[in-house]
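# Chains, contacts and geometry: an overview
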Amino acid sequence: MIEIAAKAWQTMVLHAERTYPSECCGVMLGHAQGENKFVTEATPLENAYAGAQGSRYELRPEDLLAAEGTARLHGLDLIGIFHSHPDCDAYFSETDLKNSCPWYSFVVLSVQNGTFDHANSFLIQIRRWRRARN
Ligand SMILES: [Zn+2]
């Protein structure tokens, strides 16, 4: 379960709408208690994708690292990453899956005609299969 505080949510929606028709991206900071995640702050980051940004985003590793540092400095955890899908549903695309990591939650915001429409959150589940002992 992921809960996003109103202030953080406003930041995410505003960033997604302002970046339209390009994809936006950013990080969500807050606290994690086991399966429950509480996002208290969102920080917009620059989409560093070199090609057409209408359907792709890329986070610079150094931006992500800096965000991790800022989070720790404020006693927060980096909960996950958000990005937008301009004129597209808030599904988790194959590219999104390829670029994801299991320790982050992902929120996708759908922006239709420049206005926020709906969002979905994804937590990548990694199944560890263990060989039965003898
Ligand atoms: Zn996506």
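Read on for a plain summary of the structure. Keep in mind the model is a prediction, meaning the values are calculated, not measured.

Cut-offs applied
- Residues numbered from 1 in each chain as written.
- Predicted model: local features only at pLDDT ≥ 70, side-chain atom pairs only at ≥ 80, totals over all residues.
- Heavy atoms only, no water.
- Donors = N, O, S within 2.8 Å, 3.2 Å for Na, K, Ca; no water.
- Tetrahedral: all angles 85-135°; square planar, octahedral: opposite > 155°, others 65-115°.
- Helix = DSSP H or I, 4+ residues; strand = E, 2+ residues; numbered from the N terminus.
- Buried < 20%, exposed > 50% of the residue type's maximum accessible area, 1.4 Å probe, protein only.
- Polar contact = N/O pair within 3.5 Å; in protein donor to acceptor, adjacent residues only side chain to side chain.
- Contact = heavy atoms within 4.5 Å.
- Expected span 1.5 Å × (residues − 1).
- Arc of directions from axis to C-beta.

### Describing the coordination of the zinc ion
Within the protein, His83 (NE2), His85 (NE2), Asp96 (OD) and Asp96 (OD) serve as the donor atoms for the zinc ion, at 2.0 to 2.5 Å. Coordination at the zinc ion comes from four donor atoms whose angles at the metal span 55 to 160°, giving a geometry best classed as irregular. The motif formed by the donor residues of the zinc ion, counted along the single chain, is H-x1-H-x10-D. One end of the pair, His83, is in strand E4 (residues 77-86); the other, Asp96, is in helix H3 (residues 94-98), and 13 residues separate them in sequence. A relative accessible area of 6% places Asp96 in the buried class.

### Side note on the side chain of Ser84
Along the polypeptide, Ser84 turns up in strand E4. Relative accessible area serves as the criterion here: at 1%, Ser84 is assigned to the buried category. For Ser84, the side chain forms a polar contact with the main-chain nitrogen of Cys24, separated by 2.8 Å. Contacts of Ser84, omitting those with residues within four sequence positions, involve Ala16, Ser22, Glu23, Cys24, Leu109 and Val111.

### Digging into helix H2 (residues 61-73)
Spanning 13 residues, H2 covers 18 Å between terminal C-alpha atoms, matching the ideal 18 Å at 1.5 Å per step. Within the span of H2, buried status applies to Asp63, Leu64, Ala67 and Ala71. Looking straight down H2, one finds that the buried residues subtend no more than 100° of arc, so they occupy a single side. Exposed side chains of H2 directed beyond 90 degrees from the buried face belong to Pro61, Leu65, Arg72 and Leu73. Immediately downstream of H2, the backbone of Gly75 shows phi near 70°, a positive value.

Purely spatial values, then, with no claim about function.
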